[in-house]
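# Structural characterization, general
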Amino acid sequence: MNLRIPGPIPVPEDILETMSNPMINHRGSEFKDILYRTTEGLKTVFGTKAPVYILTGSGTGAMETVIVNTLSKGDKVLSISIGTFGERFGEIAKIYGADVVYLKCLPGTAVAVDQIRNCLDEHPGIKAVLVTHNETSTGVANDLEEISNVVKKEYENKLLLVDGVSSVASLPTYMDLWECDVISTASQKGWMLPPGLAFISFSDFAINAYKKSDMPKFYFDIGQYEKYFKMGQTPWTPAVSLMFALDLALEQILKEGIENVYSRHKEIGQFTRNQVRRIGFSIFPEEKVASNTVTAVNVPDGRQSGELIAFMKTNYDVVLAAGQGELKEKIFRIGHMGKTTRNDIKPVIEGLSKYIS
Ligand code: PMP
């Protein structure tokens, strides 16, 4: 099966195999070595010297961790949404009692920094800005560097909280350079791992916010993670098998070089879009904001994504994703994170060209 959804992504054979290694004591020295080594590797990928914590949970758990560890009830936050996952981030903040100001952009577009400026000027009390780096539901990448230049350089004392679930380890992300306060991500995307782990990093400014934050937390309390990290442990029983896999995946990513990993994603993103256009489809977002981890494609007029997806599965054993929410039948998505090669994309193009002809 050619699994081309935007996560979970196919996991390389050797990484899968490490997960069948026997269990180890999660409070012993062998685990401590793995925890310290993987945390260092994660810091390199995040581009940060700040602490990175490894959680057992999915991307949504990581988003919840961002919110409950930095905010207090009644805090005013700006929730930038360019799709389903941006909306989710704002929803979590609201459920925990934040006072959410919504900046909802048209599906298929990236946020424009003037829109952010307008919101921050109109609501000077905004304490935090929530943003999705790469919106998987619409195949759009926001310009995080540009956003940070506005939020962190033109304004003072604002937390920049980033959902990097489908960007970190695939798209250039430099946490310290871009002054992001928290970045969260999840294992089933560019990390080439199965679902189940989430990684999250906190700047000094975010840690100060943590100290004042009054939102309820227990499992995702990063104070607990920090306390146990000093002992070479996680507070709760970790997903040991996934830690073995993470150790090997990071070894491979770092050996290749993170900049090379970014270049590869750029190349395969471009290749996929070019091929899709060549056979007569159109890309949902504009080229300049199109994501290099997932390509969102318009379903031809009068047809529906469900039918296209079934055709691809039945005839080509290619698994594609539908749109989400209102876009469900209008677009379909091709994932190309991790070690995706042109040979993985070619059968997709072959099938799609038969579908459209
Ligand atoms: N944010 C983004 C950008 C995502 O792509 C996803 C997963 N597709 C999530 C958040 C939620 O992650 P999970 O499904 O792992 O909870």
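Notes on the structure in this doc start here.

The rules we used
- Residues numbered from 1 in each chain as written.
- Predicted model: local features only at pLDDT ≥ 70, side-chain atom pairs only at ≥ 80, totals over all residues.
- Heavy atoms only, no water.
- Core = buried A, V, L, I, M, F, W, Y, C linked by side-chain atoms within 4.5 Å.
- Buried < 20%, exposed > 50% of the residue type's maximum accessible area, 1.4 Å probe, protein only.
- Helix = DSSP H or I, 4+ residues; strand = E, 2+ residues; numbered from the N terminus.
- Domains from an automatic or database assignment.
- Contact = heavy atoms within 4.5 Å.
- Pairing = 2+ DSSP bridges.
- Axes fitted to C-alpha atoms, helices over the stretch in contact; angles between N-to-C directions.

Moving on, we come to the nonpolar core. Across soluble globular proteins, you tend to see nonpolar side chains buried next to one another. With 62 residues, the main nonpolar core has L42, F46, L78, I116, W191, F199 and L246 as its most contacted residues. A per-element tally of this core places helix α9 (residues 240–256) first, with 10 residues. Two domains each donate at least three residues to this core, and these are domain 1 (2–7 + 258–356) and domain 2 (13–255). With residues up to four places along the chain from it excluded, the contact list for L42 reads V52, I54, W191, F199, L246 and L250. Counting 30 residues, the second-largest nonpolar core is a separate cluster that includes Y53, V68, V100 and M215.

Before going further, it helps to examine the sheet that holds strand β10 (residues 197–202). Strand order in the open sheet formed by seven strands is β2-β10-β9-β8-β5-β3-β4, with mixed pairing between adjacent strands. With one partner strand each, in any of the chains shown, β2 (52–56) and β4 (99–104) form the two edges of the open sheet. The sheet shows a mean angle of 20° between the axes of neighbouring strands, taken without regard to direction. Where strand β5 (residues 128–132) meets strand β8 (residues 159–163), five bridges bridge the pair, whose relative direction is parallel. In the strand pairing of β8, V131 is matched with V162.

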